[in-house]
Each structure stands twice: as structure tokens, then as C-alpha cells.
2 protein chains.
Amino acid sequence: MQDNLKNLANIDTPAAIVSLQRMQQNIARMQQRADALGVRFRPHVKTTKCADVVAAQLDAGAAGITVSTLKEADQFFGHGVTDILYAVGMAAHRLAHALDLRRRGCALQILTDSVEGARAIAEYGRAHGHAFEVLIEIDTDGHRSGIKPGEDLLLDVGRVLHEGGMRLAGVLTHAGSSYELHTPQALAALAEQERAGCVQAAERLRAAGLPCPIVSVGSTPTALEAASLEGVTELRAGVYVFFDLVMRNVGVCSTEDIALSVLTTVIGHQTDKGWAIVDAGWMAMSRDRGTGKQQRDYGYGQVCTVDGVPIEGYLLSAANQEHGILSREGTADADIVARFPVGTRLRILPNHACATGAQFPAYEALAADGTVQTWERFHGW
Amino acid sequence: MQDNLKNLANIDTPAAIVSLQRMQQNIARMQQRADALGVRFRPHVKTTKCADVVAAQLDAGAAGITVSTLKEADQFFGHGVTDILYAVGMAAHRLAHALDLRRRGCALQILTDSVEGARAIAEYGRAHGHAFEVLIEIDTDGHRSGIKPGEDLLLDVGRVLHEGGMRLAGVLTHAGSSYELHTPQALAALAEQERAGCVQAAERLRAAGLPCPIVSVGSTPTALEAASLEGVTELRAGVYVFFDLVMRNVGVCSTEDIALSVLTTVIGHQTDKGWAIVDAGWMAMSRDRGTGKQQRDYGYGQVCTVDGVPIEGYLLSAANQEHGILSREGTADADIVARFPVGTRLRILPNHACATGAQFPAYEALAADGTVQTWERFHGW
């Protein structure tokens, strides 16, 4: 079989299908947001870990990338991306790896939110005659890491870095609690809180005589609902490139925007229960049940035709490792065998695109003409 | 750094650590069970997808392996394993792949539970002059696929295969609902139901003049609690090789038997909340929250010292992609920074070893002398 003859009817299942049309629309939408808000856009590539997707993001105007592991930095640097922000607090044992990347020409920026972390960076940098470029992580919504904008710790960390000879590059925050909201008003308010807190932190550093050129904010929901990014220089977002059912419930995309789905085959039935058994279990969908806490619970995913049209009321209701149980919500479908005979191909929209994608060694990129092309993604640390 | 100098202090984090001592104990325990019950043991390798682990299982006396994907069959056949049972209902589009494996010398057995499935196998086999070796899947606990032992469908499927020229190899069942139980009495009762149902199906086939040499049953909990396997020829189990917190809650292992853990590094704190932030998020642990429905909820995992000793009351309470939030149950630990300073290495016992292992490209096998050796595992379909 020649590569250019691959399509949704002849590739093996399960497979992670990316609708190129939807992906390109999602990329254009976010880039337009960043452009309209007057900030650089630095996509978070942890969602896809795929050079082809990232090339599309950069082609659309993205300025550099955000990564969650140094393996992502290694891989994308290998693909020619040099402007890379590692947006997880720097562990001392990874400084040698970071230095190696920088010495090979990667403009890697690193992150810290503690005096101990800042000291470790400064000491390692001085010992190796190198000025790391460091951002301070700011906590604007209490959901994870970072220093609150008003804490004295902010200036302490800034001084340790600056006086220790490092390049204090700026401040960074991520309002990850936006995933728990579901109205435009609440998202806009959180976006403003994220912006204001991060700008406040930058101004405090500058008032103390410390440099702070970069003010970096973002999450997919706040990026899409922010009214203003005054004082911000850079926006980050990740999952927007594919979207998913969690984002649909948050209210920042529609089901028709979701670019990632899992192609699956019906392999059996339990007629009396109204179940079709498919070959997409949790190994394919991931164990992510993010919609379970939202106003609309999709189980392990929304069932669609092979052409991607949602089949209202049919969900992947349960999952074992390589078996998914497909059923109708509410009452059992007595016609399940006739509706979805053995061998039927279906597509399942996932709860969480980052988690589902990570289960696959590659995406199958689906073009408008129905052909698919394999796009590798990487795995591990 | 030479490979033989790797240990838990110098490898990068997160990493999937396998305690060789515990793994060997778990392997020996299950093999002894099968030997005592007078049946062959065919481990399910979907848990580990790792040739080194499977070699240890075969060395201990296992007779062949069980797989959940044809990729597993390909990989282990490539490692010299020829006796392979593919224990997921056969999809017609995979018959060419199965035939190729068999023609290359792999004694691959396949599975079906429908007349349509049996017909597809028989037609493809006849068209290619090949007699596939086929088991019929039996449903003994209503949790997933299979034909109920008393259904007429059982004989219909048997006849389609046998009269269609295929080798009707036997019957197979998996009492996966055992994961929902937690007393020895309930597990022993389910094990007996699993045994009796599968033997009944075999006897019905034989009474109808159909061959049924193999009677294959098993799940880790029922395998360990079965009082008798009379009439059964073969036992299967997977997760027993590592065990996990779900199995600890089911009651078939202790915390001290769990052979898989995730090595992680403390990268920050939120002092006022009593949080330590670690570099094992859901990408490392998986999104599996299997203990969330059990009598003891471990969040995303039980925190242990780097030496593997559980630290009572400390859990990975939440997880983002590359961040884990470690906290004390109940009241916040005001001394979290002093207890777990930045840079501290810890190990996290997982909810579900199959799901956590799948997040890693390799295991780090920890020997009694503290050295670790990298064991590759594979990924995808």
C-alpha cells in the first residue's frame, strides 16, 4: 500500500486522527487573538509533541515554543526551533542538560519560584561561566506553583538571580484554574486576574531596580476570553490546537472545532445490554475523565461517524485496556447490532487532547480529500 | 556515566522503577498458584510490554503468553516467543496480520464471540488455505465481552468455526469484575463462577460433538483466590507481576508487594497550603484514579521515600501534565518545606500498574545492590 492511498477505511485501529482543516482553523483563531491583543504568541507544544503540528503553528506566526520537559526542548531544537521556554520549575539536576542545550545554540529560558531554586541556577551558572535566562513563576490563581505577586519572596528570588549574574528575563503565570470555569464572564474575569497579577509582579521587580522584559501569561480559556493584555508581552496556550470535550464544556470551542478523534472498529456486542464493544479502550483514549466533573459528562468520549459527525446520545461509556464499551445514554439501544455492526468504523472525540494524544506514537493527519498522512510524535522524558 | 553506575540518585526523573526482588516474588507466587491448581499459566503481557519482564515470567515456568494487541504479538514473536494468545475479539481487518504471524511460525490463537466474527475468520482462512486456531470468548460475570455459557449462540459460533474448517481450540473467560471486590470470600465465589461458567461452556461444546481442548480462565484476583480449577486447563493474569494500589485495595497484595513506583524530584512548594510540587504529574502516573471508587482512595499515588518505604498519610493528591501536588491527608503540613526540601527524591506507588507503565518508554529495573538497568518497553499499536 502506498502512503498516499491511506485513508480512514484502510488504516489500522485504534488511530489518533487529526482533522487538518480544524487544526488550521484553531491555529489561525489563536494567532489572530494574540495579534489583536498585541502580544507575541508562544504555543505550548506539550499537547502534541509533534514537529508537523508545531511547524504549522510557527508558520502561522508563533514566536518560539513552550515546553514541559527537556526532552521536548531536545526534540524541537533538533527540528530547528531555537526559541524555547521550559515552563516547569527547574530542578538542579537538570541544569547540566539545560546548559548543554544553550551552549549548542538553543535560546532556552528556564523557570523558578524559590530562593533555593534560584540559588542552584546562579551557582551552577557561575561555576560554568554561563548566564542562564530565567523567568520567575507567578501564582495568579492558587492552582499550582508560583509566587504570589505581592509576596516579598518575589524580590528575594529576583535578587538572587540578578545579583548572581543570571539574566532575569521576566515573569510567567498560567491560570490553570480556568479549566474549572464555564462562562465567558468568569473566564474574562480570570483572564484579567491573570494579567493584572503578572503585570503587578513585573512592576514590583522593575520598581526594585530589577530587569523584567518578559511578561508571559496564558491558558487556552483565558487566552480566548481576555479583553485586554495590557502590560503583557507574551501569550501561551496549548490545547487550543486540537481542543477537546473539556474545552467544549468550558465554553471556548464547539464540538465541531475538535480536531482530534480516535478511529475505532466495532469488534462485538452485548445485545441485551445495548453495548457495542470497540477496539478503543483506555490505552487509546487515556484514563482522562475530565468531563466527569463538568456539567456535561461524556464518559470516555463522544461517538461520531467515521466522517466525524457526532451521533447524539452515544458515548464511550466505559473502557478497559483495549476494549471500549459504547452505549446510548439513558435506555439501552435494542438495535445496537443493526446500528453498529461488527466491523463498523467510528470516531471518538476525547475528553482531553493532551492525554489522548500521548497514548499514540503518531497522529494520522486527515486532509480534506480524505487521505491521511502519518505524523510522528514522541513519548517519555 | 557507565550503565552499571546508574542508581536512584543519579537517573533523571520521572522514571518508572521496578523492584526486581518484588517482581520475582510476585512471579513466583503466581506460578506456584498455577502449579498447585494443576493448570498451565499464560501471563498477560499487556501490563508490561517488556521483553525482560516476560523472560522472567517464562523462566519461572509460564507456558506461552497472552497479548491484547497484534503489536504485542509481533514484538514478542520477534523476541522468540511463539505460543501467543491474542485475547481481544478478532476484527476482520486484522486477519491478514494474524495470518502473516502464523505463516512465519507464530502459534497465534485468536478469539471471537459472534457468528459474524466466526464467519469472517472461517471465510478468510478458507480463502487463504489456512486453519486458524480460535477460542470462543465466554462471559461469566457480565462485565464486558463474551457469550453466556448457556446461550445457544455458543454452539452456533462453535459450528461456524469447526464446520468452516477452523481449529476450534477452546473457550476463554476473564472475570474482570473481580477488580470491584475486596474480600477473599467474594473473590473465591467469583473465581468459582468464572471456572464453572467456562467449564460449562466447554462441556456444552463437547456434548454437541465439537472439540474444546482449552479451557482458559483468569484475572489476577480470581487466580489468587480460586479454591479449585477443576476442568480448567489454563490460567491467565497480568497485573500480578507488579501489583498496584487497586490490587492492594482488592486485597490480593500488600503495599509491600508493589514492584512498580515512579521516581520523582521535589521542584517547589506552596508552603501555606502544605504542598510539595514534584515532577511526576499525570503524564508519569497516568490519569488512572482506580482507587477513587475503592474503600481507600490514594489520589494519584502513595508517597514513599526514595528507598521505597511508604510515608503514611502523604499522597500525590492532584496532578497536572508534568506537575504533581504532594500533600498530607487531612490537615496541611506546615513543615512541608523542611520535610521534603527542593531536590528531594521520592517514589510514588501507582493506582494501576498497567496504565502507569504505559506512560514510560522504559522501566528502570532496580537490583538489590541499588543499581538500575534500563529495560525498554514498547508503545502504541
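All values derive from a computational prediction rather than experimental measurement.

Looking at the layout of surface pockets
In this structure, the second largest pocket occupies an estimated 560 Å³ of space. Trp-381 of chain A together with Asp-12, Thr-13, Pro-14 and Ala-15 of chain B are the residues nearest the centre of the second largest pocket, which is lined by 27 residues in total. Of all the secondary structure elements, the ones that give two or more residues to the lining of the second largest pocket are helix H3 (70-78) of chain A together with strand E1 (15-19) and strand E16 (362-366) of chain B. A per-element tally of the lining of the second largest pocket places H3 of chain A first, with 3 residues. Looking at the lining of the second largest pocket, its residues break down into 12 nonpolar, 7 polar and 8 charged.

Comments concerning the pairing of strand E4 (residues 83-86) of chain A
Residue and element names in this part refer to chain A. Here strand E3 (residues 65-67) pairs with E4 via 3 bridges, running parallel. What sits directly across from Thr-66, in E4, is Leu-85. A crossover connection joins E3 to the parallel E4 through H3; in handedness this β-α-β unit is right-handed. Regarding topology, helix H4 (residues 95-103) serves as the crossover connection from E4 to the parallel strand E5 (residues 107-112), and that connection is right-handed.

A closer look at the relation of the copies chain A and chain B
For the match of chain A to chain B, the screw axis carries a shift of 0.0 Å, the RMSD comes to 0.0 Å, and the turn is 180°. Overall, the copies show the geometry of a two-fold rotation axis. Among all C-alpha atoms of chain A, that of Arg-287 of chain A lies closest to the rotation axis, at 2.4 Å. An overlap of 100% is found between the interface residues of chain A and their copies at the interface of chain B, pointing to a shared contact surface.

Points about the interface of chain A and chain B
Taken together, the contact between chain A and chain B spans 55 residues of the former and 55 residues of the latter. Overall, the association of chain A and chain B removes approximately 4600 Å² of surface from exposure, summing both partners, and the carbon and sulfur fraction of that is 52%. Of all residues in chain A, Arg-144, His-379 and Trp-381 of chain A bury the most surface against chain B, accounting for 17% of the area lost on that side. Joining chain A to chain B, the criterion identifies 8 salt bridges. Between Lys-148 of chain A and Asp-272 of chain B there is a salt bridge, with its nearest N and O atoms 3.5 Å apart. At the surface where chain A touches chain B, the tally comes to 34 residue pairs in polar contact (both at pLDDT 80 or more). Those elements that provide at least two residues to the side of chain A that touches chain B are strand E10 (260-270), strand E11 (275-278), helix H10 (282-285) and helix H12 (353-357) of chain A. When residues in the side of chain A that touches chain B are grouped by element, the largest group, 4 residues, is from E10 of chain A.

Focus on the environment of Ile-27 of chain B
Mapped onto the secondary structure, Ile-27 of chain B falls in helix H1 (residues 20-37). Distance from Ile-27 of chain B to Tyr-240 of chain B, taken between C-alpha atoms, is 7.5 Å for residues 213 residues apart in sequence.

With respect to the pairing of strand E1 (residues 15-19) of chain A
All names here are of chain A. For E1, a buried count of 5 out of 5 residues is recorded, marking the element as mostly surrounded by other parts of the structure. Judged by which residues are buried, E1 turns out to be covered on both faces: Ala-15, Ile-17 and Ser-19 on one side and Ala-16 and Val-18 on the other are all buried. The pairing of E1 with E10 spans 4 bridges and is classified as antiparallel. Looking at the pairing, Ala-16 lines up with Val-262 of E10. Note: E1 against strand E16 (residues 362-366), 4 bridges, orientation parallel. Directly across from Ile-17, in E16, lies its bridge partner Glu-364.

The rules behind these values
Residues numbered from 1 in each chain as written. Chains lettered and ligands numbered in written order. Predicted model: local features only at pLDDT ≥ 70, side-chain atom pairs only at ≥ 80, totals over all residues. Heavy atoms only, no water. 1 Å grid on protein atoms, 1.4 Å probe; cavity = no way out; pocket = protein on both sides within 12 Å on 5 of 7 lines; lining within 4 Å. Points joined across faces, edges and corners; volume = space filled by probe spheres on them. Helix = DSSP H or I, 4+ residues; strand = E, 2+ residues; numbered from the N terminus. Nonpolar A, V, L, I, M, F, W, Y, C, P; charged D, E, K, R; others polar. Pairing = 2+ DSSP bridges. Right-handed = clockwise from strand over helix to strand, strands pointing away. Least-squares fit on C-alpha atoms with pLDDT ≥ 70 in both. Contact = heavy atoms within 4.5 Å. Buried area = accessible area lost by both parts, 1.4 Å probe. Salt bridge = Lys/Arg side-chain N within 4 Å of Asp/Glu carboxyl O. Polar contact = N/O pair within 3.5 Å; in protein donor to acceptor, adjacent residues only side chain to side chain. Buried < 20%, exposed > 50% of the residue type's maximum accessible area, 1.4 Å probe, protein only.

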